[in-house]
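Secondary and tertiary structure notes
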Amino acid sequence: MSGSILNVENVTMQFGGVVAVDNLNLEINEGEIVALIGPNGAGKTTAFNVVTGVYQPTNGRVSFLGETIVENHPQGKMKKLYKGEHAGEYSHVLAPTPDRITKLGMARTFQNIRLWKSQSVFDNVLIAMHCRTHTNFLAASLRLNHKEEQEQRDRVAELLQTVGLYDVKDEPATSLPYGKQRRLEIARALATDPKLLLLDEPAAGMNPQETNELTAFIGQIRKDFGMTVFLIEHHMDLVMDISDRIYVLDFGKLIAHGTPEEIQNNNRVIDAYLGVAEDA
Amino acid sequence: MIQQRSKKGAVTAVIACAVLLAAVILLENISLLLPAGSVPNVLKPTSQLFAVLKKGAVYSLAAVSMNLLNGFTGLFSLGQAGFMLLGAYTYAILSVPVADRAAVYYLYGGSAVNFSFQDMFGTIFGTEGVGGAVSLGLGVAVAMVLAGCVAAVFAYFIGLPVLRLKSDYLAIATLGFAEIIKAVFQWQALGPVTNGANMIKNFPTFSSFNITGADGTVILRLSTFFPFLVSMICIAAICLLINSTYGRAFKAIREDETAAEAMGINLAKHKMLSFCTSAFFAGVSGAMFAMFVTNAQAKVYTTTMTYEILLIVVIGGIGSISGSVMATFLYVACSEWWLRFLDNVTVINGVQLPFLRAGFRMVVFSVVIMIVVLFFRRGIMGDKELPDLFKKRARKEGTGK
């Protein structure tokens, strides 16, 4: 394990008077699989959205690969409303759009599948490679980039073979079964050439067998692509199985973090989220 | 690898275009080949057929450029007529021969722009014979490209604030800008340039491309061929763009903006690209429209014109280029030609048919459109292209897959 790849420092996300994420600190090291768990409404997806640039945090800083990518401090009306801590610590405002963060090497999937519906499986992955093309649009229209285009198509074919979707490459994305759509969404994220993969509830709505397949798949991605994975998930089997470390959120606050064993035995986490078996 | 794309499709398309162009040349020159007495009415140069073909060529480019924006990028914009107006005026202002300027701009005591591309090239290549043809061709081509560029530049500045809006709001804002452009071009203070609310005329039109002999008789008609050629080149360019990596990004934006942005597609940049490209080709089609009607006048480029083009796009199928082109010719032929007989008072066996009188054509036409929209909910072509239909059939017959 080498240095940290993603660093979230004192991030607070406040919508009006509601604090969705409160003073979140987390760190992800290269090659790790880290899970973020917590009850519904704990602010997990909000934290994801802050990291990927969908929301601008109210306060705090996010660094990726040692460089600050997102930073903000309470401004304007928020100055009075702000309920969080570390208010005066940050002075810069840095709010890139999600596409710029993706270009830096962070790709994500969505809680409810967001594939490009009428496009084929192949095109879904191919479009995701667009952000890595170097040709301008005139050259691309005049087909001066056929070398790059061919290279991309070869890479898509290779990627689809790796994830086991090559035999359905010409089907429209929505005609796939649910589990495969999830898999395609992950393949699409991988096509943007990320260093860090963020998965928002990849197993949501899956049956146990599909979940097992997904667990194996995430492990395979880590092995094959050397990918660092950060995921939100409610399936505890999956989380405990593959995570190196786990962060637990409750009401926007980080209540625990540690290895799966530590989390399973942490009383606060059991109270807030995991619960105990009824006959215990 | 297996993903080698076949060149067959492209070759077929080029051959099809060449055949179509040859057919157009043949069609409009039949009247010259046949002995004078035996030319059927429909093939005479004054026939409605050629007016329909010309207008169809002009409108198909306008429709396809609108489809690029509305159908492929998912931006519901209604600025088409405004951009066509910009193209038409740019072309007209840069093309009226210097000698005719005083007559055209007589209300303003001559034009502020004493320059035309045809004259400029005329000083290089000469004005007679082959040199004259070259200077005419180059002059028109350069003016048309500039017409597109002016529309694209305006689109860029309009796009800066407007493209932050979505769906209906974008439509209203672009509609507003189109109206503003129209009003500005009719403004008296700009008279020396735009000729105020009067029309600009005397610039080269489609019939300038007919090749005439020394005695003024037409040797070869190219007046329908020219708009077909220009539209074909422009539509081919749009096709190439749509099938390139940028076109795929446009489609991704249409289908899911959030996902597109998360996959590294810069929304602002790509929307602007699509908006400006669409405006460019709308400008070119506007220039051609000015050539078709032989004048440029701001009051022609109304919202109704935008709706007409939008209607064509919807009938053809949002997201289908071949659909837009087919719908254009059907629409233009229906509205201008095939239903004409409904406008004439007709008496059969001494009984005057009811309803048939001037204007009834438009009533029937509206009903036809309603029927089309009811029975083809997604347009004639949906989001398929013409070759897709053959592909499907081939697959069914071939492998049984």
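Residues numbered from 1 in each chain as written. Chains lettered and ligands numbered in written order. Predicted model: local features only at pLDDT ≥ 70, side-chain atom pairs only at ≥ 80, totals over all residues. Heavy atoms only, no water.

**Examining a nonpolar patch on the surface**
Residues and elements named next belong to chain B. A cluster of nonpolar side chains, contributed by Val363, Val367, Ile371, Leu374, Phe375 and Phe376, occupies part of the molecular surface with about 610 Å² of accessible area. Of note, Val367 is situated in helix α15 (residues 360-375). Residue classification places Val367 among the partly exposed residues on the basis of a relative accessible area of 41%. (Patch = residues over 30% accessible without salt bridge, like charges linked within 9 Å, V, L, I, M, F, W, Y side chains within 5 Å. Areas by Shrake-Rupley, 256 points an atom, 1.4 Å probe, with all protein chains shown as cover. Salt bridge = Lys/Arg side-chain N within 4 Å of Asp/Glu carboxyl O. Helix = DSSP H or I, 4+ residues; strand = E, 2+ residues; numbered from the N terminus. Buried < 20%, exposed > 50% of the residue type's maximum accessible area, 1.4 Å probe, protein only.)

**A short note on the sheet that holds strand β3 (residues 33-37) of chain A**
All names here are of chain A. Spatially, six strands are ordered β6-β7-β8-β3-β9-β10 in an open sheet, and the strand pairing comes out mixed. With partners counted over all chains shown, the strands left at the sheet margins are β6 (106-108) and β10 (253-258), one partner each. In this sheet, adjacent strand axes meet at a mean angle of 15° when their direction is disregarded. For strand β9 (residues 245-250) and β10, the ladder comprises five bridges, and the chain directions are antiparallel. Across the sheet, the residue bridging to Tyr247 is His257, located in β10. Contacts from helix α11 (residues 267-274) reach β3, β9 and β10 within the one sheet, and its direction differs from that of β10 by about 120°. (Pairing = 2+ DSSP bridges. Axes fitted to C-alpha atoms, helices over the stretch in contact; angles between N-to-C directions. Contact = heavy atoms within 4.5 Å.)

**Regarding the pattern of salt bridges**
Close approach of charged atoms allows side chains with opposite charge to pair. Residues and elements named next belong to chain A. The tally for this structure, following the rule as stated, stands at 18 salt bridges over all chains. Between Glu9 and Arg61 there is a salt bridge, with its nearest N and O atoms 3.7 Å apart. One end of the pair, Glu9, is in strand β1 (residues 4-15); the other, Arg61, is in strand β4 (residues 59-64), with 52 residues separating them in the sequence. Note that Glu185 is salt-bridged to Arg182, the shortest N-O span being 3.7 Å. Highlighted residues: Glu185 and Arg182, both in helix α7 (residues 178-191), separated by three residues, approximately one helical turn. For the residue pair Glu185 and Arg182, the accessibility class agrees, reading buried in each case. Taken together, the shared-partner salt bridges in this structure form one network comprising Glu9, Arg61 and Glu71.

**Some points on helix α12 (residues 267-293) of chain B**
Side chains three or four residues apart in an α-helix point the same way, a direct result of the helix having 3.6 residues per turn. Residue and element names in this part refer to chain B. Across its 27 residues, α12 extends 38 Å between first and last C-alpha, which sits within 8% of the 39 Å expected from 1.5 Å per residue. Within α12, 22 of the 27 residues are buried, which leaves the element mostly enclosed by the surrounding structure. With a side-chain oxygen positioned 3.3 Å from the backbone nitrogen of Ala268, the residue opening α12 is Asn266. Phi for Thr294, located one or two positions after α12, is positive at around 60°. (Expected span 1.5 Å × (residues − 1). Polar contact = N/O pair within 3.5 Å; in protein donor to acceptor, adjacent residues only side chain to side chain.)

**With respect to the sheet that holds strand β2 (residues 18-29) of chain A**
Residue and element names in this part refer to chain A. Ordered in space as β2-β1-β4-β5, the four strands form an open sheet in which the pairing is antiparallel. Strands with a single pairing partner mark the edges of an open sheet, and in this sheet they are β2 and β5 (67-72). The sheet shows a mean angle of 15° between the axes of neighbouring strands, direction not considered. Note: β1 against β2, eight bridges, orientation antiparallel. Residue pairing across strands places Val8 opposite Leu26, the latter belonging to β2. Sheet strands touched by helix α1 (residues 44-51): β1, β2, β4 and β5. Its angle to β1, the strand with the most contacts, is close to 115°.

**Notes on the packing of aromatic side chains**
Taken as a whole, this structure holds 19 aromatic pairs over all chains when the rule is applied. Taking 5.3 Å as the distance between ring centres and 80° as the angle between the ring planes, the aromatic pair formed by Phe15 of chain A and Tyr55 of chain A counts as edge-to-face. On the criterion of sequence distance, the pair formed by Phe15 of chain A in strand β1 and Tyr55 of chain A in the loop between α1 and β4 is long-range, its members being 40 residues apart. Given a relative accessible area of 31%, Tyr55 of chain A falls into the partly exposed group. Ring plane angle 70° and centroid distance 5.8 Å describe the contact between Phe289 of chain B and Tyr301 of chain B, whose orientation is recorded as edge-to-face. Within this pair, whereas Phe289 of chain B is found in helix α12, its partner Tyr301 of chain B is found in the loop between β4 (295-296) and α13 (303-316), the two being separated by 12 residues in sequence. For Tyr301 of chain B, a relative accessible area of 3% corresponds to the buried category. Through pairs of rings, three or more aromatic residues link up here, namely Tyr59, Phe289, Phe292 and Tyr301 of chain B. It is Arg114 of chain A that lies over the ring of Phe110 of chain A; its NZ or CZ is 5.5 Å from the centre. (Phe/Tyr/Trp six-rings, centres within 6.5 Å; stacked < 30°, edge-to-face > 60°. Lys NZ or Arg CZ within 6 Å of the ring centre and 35° of its normal.)

**Remarks on the nonpolar core**
Within the largest apolar cluster, 104 residues are counted, with the highest numbers of intra-cluster contacts made by Phe83, Tyr91, Met144, Ile200 and Tyr301 of chain B. In terms of residue count, the dominant contributor to this core is helix α2 (residues 48-72) of chain B (15 residues). Here Tyr91 of chain B is in contact with Val140, Ala143, Met144, Ala147, Phe203, Pro204, Ala287 and Met291 of chain B, once residues within four sequence places are set aside. Counting 63 residues, the second largest nonpolar core, distinct from the first, contains Ile113, Phe217, Leu238 and Ala256 of chain A. (Core = buried A, V, L, I, M, F, W, Y, C linked by side-chain atoms within 4.5 Å.)

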